Amino acid sequence: MQTKNSLGPVAEQFAQFDQPLTLSSGQAIEGFKLAYETYGVLRADRRNAVLVCHALNASHHVAGTRLEDPEDIGWWDNMVGPGKPIDTNRFFVVGVNNLGSCFGSTGPTSIHPKTGKPYGNDFPLVTVEDWVEAQALLANRLGIDRFAAVIGGSLGGMQAVEWSIRFPKRVAHALVIASTPRLSAQNIAFNEVARRAILNDPEFHEGAYAEFQAVPRQGLSVARMIGHITYLSDDDMAQKFGRALRNKQGYGYGFDIDFEIESYLRYQGEKFSQYFDANTYLRITKALDYFDPAARADGDLAKALVPAEASFCVISFTTDWRFPPERSREMVSALMRNNAKLVYSEIDAPHGHDAFLMEDPRYHALVRSYFDRVAAEVGCA
Amino acid sequence: MNRPNHSDLELRPDLERIARWIRPKARVLDLGCGDGALLAWLQSEKECLAYGAEINQDQVLACVQRGVNVIQADIDTSLSLFSGNRFDVVILSQALQATHRTEAVLREISELGQEVIVSIPNFGHWSHLVSLLMGRMPVNRRLPYEWYNTPNLHLATVSDFEALLGRLGLTIIEHQYLVESDNGELKSIASLPALRATLALYRFQKQ
């Protein structure tokens, strides 16, 4: 929903990189482009830049409306804009589409320069670390040495954490929202079920579905349904749908939709399968599964975070069972052991994991106040 | 040292007394840190590395606005968040009486810090005894709640508290018995603290 004080139409931009990028897997991408949007003005001293990292199914279109489509409102329009918690009257905000995505940056749907065909399944697996490397190249291109803040929710929060470890001098503040320092076995299990749904769809064709003019729509749709269940809280679902029936006459005694929740999930799944790419979905869920900075430091998260020099703002939501507050507390505990500057808030919000996208007054007040502090530090208050 | 004039960092008198007990550059944990006034003071005046824990969302926000380190946590249930950390000083200012697991909290915080500072309202104050003699639970400026809506679950007299410290093997390093006047000023007293003190501050450590 478009909120008031929205930025209005925003044009997407592209940055082409011709040098090869070596990935965590050891493979390299010869050249690639990143799609991005920017909001606000980069001041002459270039200290007021904020990077917004996106989660699983989002993109560089963070705020405002797309120039080509006034109905297409940015995924965090309630957070970013003039007078919003991340105030574009003060900050120069960059939204970047991650490498391997299907929304404009080079990914499985892009044309492989050597074969002239879409990469499809030939597109390498990219990790959170690879995304951050690519984002840093974009920052160089934009002339940003150091971000006043790097912020993200969920998978976006992982990128903020990785930024703080990988480029400690380039991040003044890291805001890590509804995130986790690593996926649990249960999280990975959900991802695996989603991947199996896609991989077992007869239309998948080993990832070369584009060549067959096919789309593994059923698989993608089921994958999204599974994901969606984990984004909402039990209470939220009960409140929104309960056991309400689609057909008020009663049960259908068949396998068509009986309950409203079934209808809702099918709708979400089908909608998603029309705009999201299956190869991208497979890869992004793997990037989630693989992220584990502690694993690089003998399983010690505090040790992994030692290089970080940023101040941290960690936020979790009480009803988030996908990445519950316990995961954020682990991060907080590790950061405290490292004597990091730190704010941690556990917002009592009913919306589960998706709460990070919602306009909750306590949540937004906190982010707003935190950015007041950031603004004061970089002199753009 | 050239120190800026921190008129906005005027501390509440009881917090000021706690602050005086803390060495410069100490690593401090303030449990139930409220709006972060003490943290801000310790940060700027004593260059402490100070973290606060606070459960109330509005107070957490106030801490963010002050620019202090704050962690939203419930002292009763989430002290494990701080384990693995070692602090020079752990402070629990006028919050112990509102904890559910008071004894366990005392034991746990004495593990977290080299030293612990606790302040408690003295329930044995003579005015409370007068109230009780008149047949009513005391309600006053310092304990402004009725018996049915008070967050204060575990009120104690100074003697009660000192007995518990002894039982838990915690040694008092220093203490102050204080009388709070109506204008908020604090005065130390030496005689008849059990009856006259409204507030007691303790600095103690594990034996």
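Small disclaimer: the values here were computed from a predicted structure and weren't measured. (Residues numbered from 1 in each chain as written. Chains lettered and ligands numbered in written order. Predicted model: local features only at pLDDT ≥ 70, side-chain atom pairs only at ≥ 80, totals over all residues. Heavy atoms only, no water.)

We now examine the overall build of chain B. For chain B, the count of helices and strands is seven helices and eight strands. For chain B, the C-alpha atoms occupy an extent of roughly 50 × 35 × 35 Å along the three principal directions. When each of the 207 residues of chain B is scored for burial, the buried share is 52%. Nonlocal contacts in chain B, meaning residues at least 24 apart in sequence, comprise 65% of its contacts between residues at least 6 apart. If you sum the accessible surface of chain B, you get close to 10,100 Å²; carbon and sulfur atoms cover 51% of it. Positive and negative side-chain charges of chain B, numbering 20 and 24 respectively, have mean locations separated by a distance of 5 Å. (Helix = DSSP H or I, 4+ residues; strand = E, 2+ residues; numbered from the N terminus. Buried < 20%, exposed > 50% of the residue type's maximum accessible area, 1.4 Å probe, protein only. Contact = heavy atoms within 4.5 Å. Areas by Shrake-Rupley, 256 points an atom, 1.4 Å probe, with all protein chains shown as cover. Lys, Arg positive; Asp, Glu negative; His and termini not counted. Charge placed at Lys NZ, Arg CZ, Asp CG, Glu CD.)

All names here are of chain A. Taken together, the three strands give an open sheet; going across it, the order is S1-S7-S8, and neighbouring strands pair in mixed fashion. Single-partner strands in this sheet number two, and they are strand S1 (9-10) and strand S8 (69-73). Note that strand S7 (residues 65-66) and S8 share two bridges and pair antiparallel. Looking at the pairing, Arg-66 lines up with Asp-69 of S8. (Pairing = 2+ DSSP bridges.)

With that out of the way, let us pick up the interface of chain A and chain B. Between chain A and chain B, the residue contacts involve 21 residues of the former and 21 residues of the latter. Summed over both partners, the interface of chain A with chain B buries about 1,700 Å², with 56% contributed by carbon and sulfur atoms. Inspection of the region where chain A meets chain B yields zero salt bridges. The interface formed by chain A and chain B includes twelve residue pairs in polar contact (both at pLDDT 80 or more). Mapped onto the side of chain A that touches chain B, the elements with two or more residues apiece are helix H9 (325-337), strand S15 (342-347) and helix H10 (361-378) of chain A. When the residues that make up the side of chain A that touches chain B are grouped by side-chain class, the tally is eleven nonpolar, four polar and six charged. When S15 of chain A meets strand S3 (residues 69-72) of chain B, the two strands line up parallel, connected through two bridges. (Buried area = accessible area lost by both parts, 1.4 Å probe. Salt bridge = Lys/Arg side-chain N within 4 Å of Asp/Glu carboxyl O. Polar contact = N/O pair within 3.5 Å; in protein donor to acceptor, adjacent residues only side chain to side chain. Nonpolar A, V, L, I, M, F, W, Y, C, P; charged D, E, K, R; others polar.)

Take unusual backbone geometry next. Peptide bonds are, in most cases, trans, and in most cases residues other than glycine have a negative phi. Residue and element names in this part refer to chain B. With a phi close to 65°, Lys-25 is a non-glycine residue in the positive phi region. Looking at the secondary structure, you find Lys-25 in the loop between helix H1 (13-20) and strand S1 (27-31). The residue Glu-47 is not glycine, and still its phi comes out positive at about 50°.

Let's shift gears to the pairing of strand S12 (residues 149-153) of chain A. All names here are of chain A. Counting buried positions along S12 yields five of five residues, so the element is predominantly enclosed. Here S12 shows no split at all, with Ala-149, Ile-151 and Gly-153 on one side and Val-150 and Gly-152 on the other all buried. Both strand S6 (residues 49-53) and S12 contribute to a ladder of four bridges, which runs parallel. The residue bridging Leu-51 from the neighbouring strand is Val-150, located in S12. With four bridges joining them, S12 and strand S13 (residues 173-177) adopt parallel strand pairing. Pairing of Gly-153 across the sheet is with Ile-177, part of S13. Handedness of the β-α-β unit built from S12, helix H2 (residues 155-166) and S13 comes out right-handed. (Right-handed = clockwise from strand over helix to strand, strands pointing away.)

Further remarks concern H9 of chain A. Residue and element names in this part refer to chain A. In a regular helix each residue adds 1.5 Å, so 13 residues correspond to 18 Å; H9 covers 18 Å between its end C-alpha atoms and thus fits that length. All buried positions along H9 are accounted for by Pro-325, Ser-328, Met-331, Val-332, Ser-333, Ala-334, Leu-335 and Met-336. At the exit of H9 stands Asn-339, carrying a positive phi of roughly 60°. (Expected span 1.5 Å × (residues − 1).)

Now for a nonpolar patch on the surface. All names here are of chain B. Taken together, the side chains of Trp-126, Leu-129, Val-130, Leu-132, Met-134, Met-137, Trp-147, Tyr-148, Leu-192 and Leu-195 present a nonpolar region at the surface, about 1,100 Å² in accessible area. Looking at the nonpolar patch, the element that brings in the most residues is helix H5 (residues 126-133), giving four residues. Assignment of secondary structure puts Leu-195 in helix H7 (residues 193-196). Take Leu-195: its relative accessible area is 37%, and that puts it in the partly exposed class. (Patch = residues over 30% accessible without salt bridge, like charges linked within 9 Å, V, L, I, M, F, W, Y side chains within 5 Å.)

As a further point, take the packing of H1 of chain B against helix H2 (residues 37-45) of chain B. To characterise two packed helices, one gives the angle between the axes of the helices and the distance between these axes. Residues and elements named next belong to chain B. Relative to each other, H1 and H2 sit at 40°, their axes nearing to 10 Å. One way to sum up the angle between H1 and H2 is to call them oblique. With respect to the hand of their crossing, H1 and H2 are arranged in right-handed fashion. Two secondary-structure elements touch here, H1 through Leu-15, Ile-18 and Ala-19 and H2 through Leu-38, Trp-41 and Leu-42. For the contact of H1 with H2, the per-class residue count stands at six nonpolar, no polar and no charged. (Axes fitted to C-alpha atoms, helices over the stretch in contact; angles between N-to-C directions. Parallel < 35°, antiparallel > 145°, perpendicular 65-115°, else oblique. Left-handed = near helix turned anticlockwise from the far one by under 90°.)

Residue and element names in this part refer to chain A. Structurally, Asp-87 can be placed in strand S10 (residues 86-87). No salt bridge is formed by the buried Asp-87, whose closest oppositely charged neighbour, Arg-90, lies at an N-O distance of 4.3 Å. A polar atom in the side chain of Asp-87 sits 2.8 Å from the backbone nitrogen of Gly-83. Once residues lying within four places of it in the same chain are set aside, the contact partners of Asp-87 are Gly-81 and Pro-82.

Attention now goes to helix H4 (residues 102-112) of chain B. For H4 of chain B, the set of buried residues is Thr-102, Ala-104, Val-105, Leu-106, Ile-109, Ser-110 and Leu-112 of chain B. Contacts from the buried residues of H4 of chain B go to S1, strand S4 (87-93), strand S5 (113-121), helix H6 (158-167), strand S6 (170-180) and strand S8 (199-206) of chain B.

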